[in-house]
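Results of the structural survey
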Amino acid sequence: MVWVAYKKVRSNGGSAGVDAVSMEEFDSKRSKYLYKLWNRLASGSYYPPAVKEVEIPKKDGKMRKLGIPTISDRVAQMVIKDYLEPRFEEIFSPNSYGYRPNKNAHQAVSSVRENCRMNDWVIDLDIKGFFDNIDHEKLILALEKHVPEKWAMMYIKRWLNMPIQKKTGEVVAKEGKGTPQGGVISPLLANLFLHYLLDRWLEKTDPAIRFARYADDAIIHCKTKAHAEFTLQRINERMKQCGLELHPEKTKLVYCRDYRRRDKHPVVKFDFLGFSFQPRPAMSKKTGRLFLGHDCAISISSRKRISDKLEELEIINSSFKSIVGLAQYLNPYIRGWVNYYGKFRINELSKVFRLLKHRLVRWARQRYKRYKTSINKAFEWINRVRVQYPNLFYHWLLGFSH
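Computed from a prediction, not measured in an experiment: that's the story for all the values here. (Residues numbered from 1 in each chain as written. Predicted model: local features only at pLDDT ≥ 70, side-chain atom pairs only at ≥ 80, totals over all residues. Heavy atoms only, no water.)

Across the sheet, four strands lie side by side as 2-1-4-5; this open sheet has mixed pairing. The strands lining the two open edges of the sheet, one partner per strand, are strand 2 (63-68) and strand 5 (171-172). Judged from the two bridges that link them, strand 4 (residues 164-165) and strand 5 form a sheet pairing that is antiparallel. The residue of strand 5 that forms the bridge with Ile164 is Val172. (Pairing = 2+ DSSP bridges. Helix = DSSP H or I, 4+ residues; strand = E, 2+ residues; numbered from the N terminus.)

Take a look at the structure:
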């Protein structure tokens, strides 16, 4: 179990925890580290070290706090996760898509697309500081229903109480709530908590409702505005009962406006997993005519993130001697963007690739003297390269002209 868990942790990569042991160092002495871990896990004497707090930027410009466990601790958490996950999978809702085997974000987005066609209203739910505010007592009650093994419960309780090492070096103890984002077992525990908090509760109390949940992001569909308002009020009460609250600005009711639903309401757009759902022109397969649908495509904030990434990659000042080397460097990123955001309305990525083309032109002007004085000649050169080598960049291969 420890060996299988280690191979998974290794393939996922990640940085060092509070002990500053990197994956390379761990690999070089893995027999020592894994034997020690196995020995302690098997004897009940394993105590997890503190998690290292790091901050990453959120979409709204604020910082999200992640707790990074040590590599040894990630392996230990993976052992318990692998052991418990199959039994949890038997009870989890088919409408839950986040951090589950054989489930993914595209399936969640497809479900929301389908539900938007059939329902006029959406509740876009945002739980305020969900991972930081999970109530340990309630989570343990849910765990005890499905985990009779005392050794597994003992380790989970130890992980829930792991202290956090702040950036200043100060070690802060937990206060009976929260599970660190970044922990291997955290998504599984969060899914179990939300299964009872939201999924099962919705399915039991209002079977007419359709919903899709990816971790703590949930989209709930209702036929009428009155039903949506009533449901949101009940969810609000439910959250308070469980020690959580909905984000007052980010939680909203959305009207799925299209050619059939023409009432006027102020909010007709919502974002989910990097895609924006809003009224968009669509082509009828039967008649070939344009009509107004309510569909999804890459969101503005996702395009901004890609733009920031292009800035970070420093294409213009890169030291590649030819465009071939630059293409090899950029293609893994381009392929990732296309594979994720190109799943729905791929043509909306043209704005991203137009931006990339401008960066390539600026690189050419920096690299070759003959284009320094003429931006038009640099554009013509890029266009000639695209015609001569249409497979050079991944998006060219797909027919994008930028």
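Turning our attention to the side chain of His402. Tracing the sequence through the fold places His402 in the segment after helix 15 (394-397). In contact with His402, other than residues within four places in its own chain, are Ser350, Phe353, Arg354, Lys357, His395 and Trp396. (Contact = heavy atoms within 4.5 Å.)

Here Phe230 lies in helix 10 (residues 225-241). Given the relative accessible area of 47%, Phe230 is considered partly exposed. For the pair Phe230 and Pro390, spaced 160 residues apart in sequence, the C-alpha to C-alpha distance is 55 Å. (Buried < 20%, exposed > 50% of the residue type's maximum accessible area, 1.4 Å probe, protein only.)

Counting 68 residues, the largest nonpolar core has Leu125, Phe130, Leu143, Ile156, Trp159 and Ile220 as its most contacted members. Each residue touching Phe130, except ones within four places of it in the same chain, is listed here: Ala190, Phe193, Leu194, Asp216 and Leu244. Core analysis: the next-biggest nonpolar cluster, separate from the first, contains 53 residues, Val109, Leu326, Trp381 and Val385 among them. (Core = buried A, V, L, I, M, F, W, Y, C linked by side-chain atoms within 4.5 Å.)

Here helix 9 (residues 186-205) contains 20 residues, and its C-alpha end-to-end distance of 27 Å stays within 8% of the 28 Å for a straight helix at 1.5 Å per residue. Burial analysis of helix 9 places 16 of its 20 residues in the buried class, the great majority of the element. (Expected span 1.5 Å × (residues − 1).)

In this section: the pattern of salt bridges. Overall, the coordinates contain 18 salt bridges when judged by the stated rule. For Asp27, the salt bridge goes to Arg10, with nearest N and O atoms at 2.8 Å. Highlighted residues: Asp27 in helix 2 (residues 23-28) and Arg10 in helix 1 (residues 2-12), separated in sequence by 17 residues. The exposure class assigned to Asp27 is partly exposed, which follows from its relative accessible area of 22%. Overall, the relative accessible area of 44% leaves Arg10 in the partly exposed class. One salt-bridge network, in which partners are shared between bridges, spans Asp120, Asp258, Arg260 and Arg261. (Salt bridge = Lys/Arg side-chain N within 4 Å of Asp/Glu carboxyl O.)

Glancing now at a nonpolar patch on the surface. Together, Ile346, Leu397 and Leu398 give the surface a local cluster of nonpolar side chains, amounting to about 240 Å² of exposed area. Mapped onto the elements of the fold, Ile346 is located in the loop between helix 12 (323-341) and helix 13 (350-367). Judged by relative accessible area, which is 31%, Ile346 ranks as partly exposed. (Patch = residues over 30% accessible without salt bridge, like charges linked within 9 Å, V, L, I, M, F, W, Y side chains within 5 Å. Areas by Shrake-Rupley, 256 points an atom, 1.4 Å probe, with all protein chains shown as cover.)

Tracing the backbone shows Arg261 in the loop between strand 8 (252-255) and strand 9 (270-272). When the C-alpha positions of Arg261 and Leu292 are compared, they lie 9.8 Å apart, and in sequence the two are 31 residues distant. Setting aside residues up to four positions removed in sequence, Arg261 forms contacts with Cys116, Arg117, Met118, Asn119, Asp120, Tyr255, Cys256 and His294. Among the polar contacts listed, one links the side chain of Arg261 to the backbone oxygen of Cys116, at a separation of 2.8 Å. (Polar contact = N/O pair within 3.5 Å; in protein donor to acceptor, adjacent residues only side chain to side chain.)

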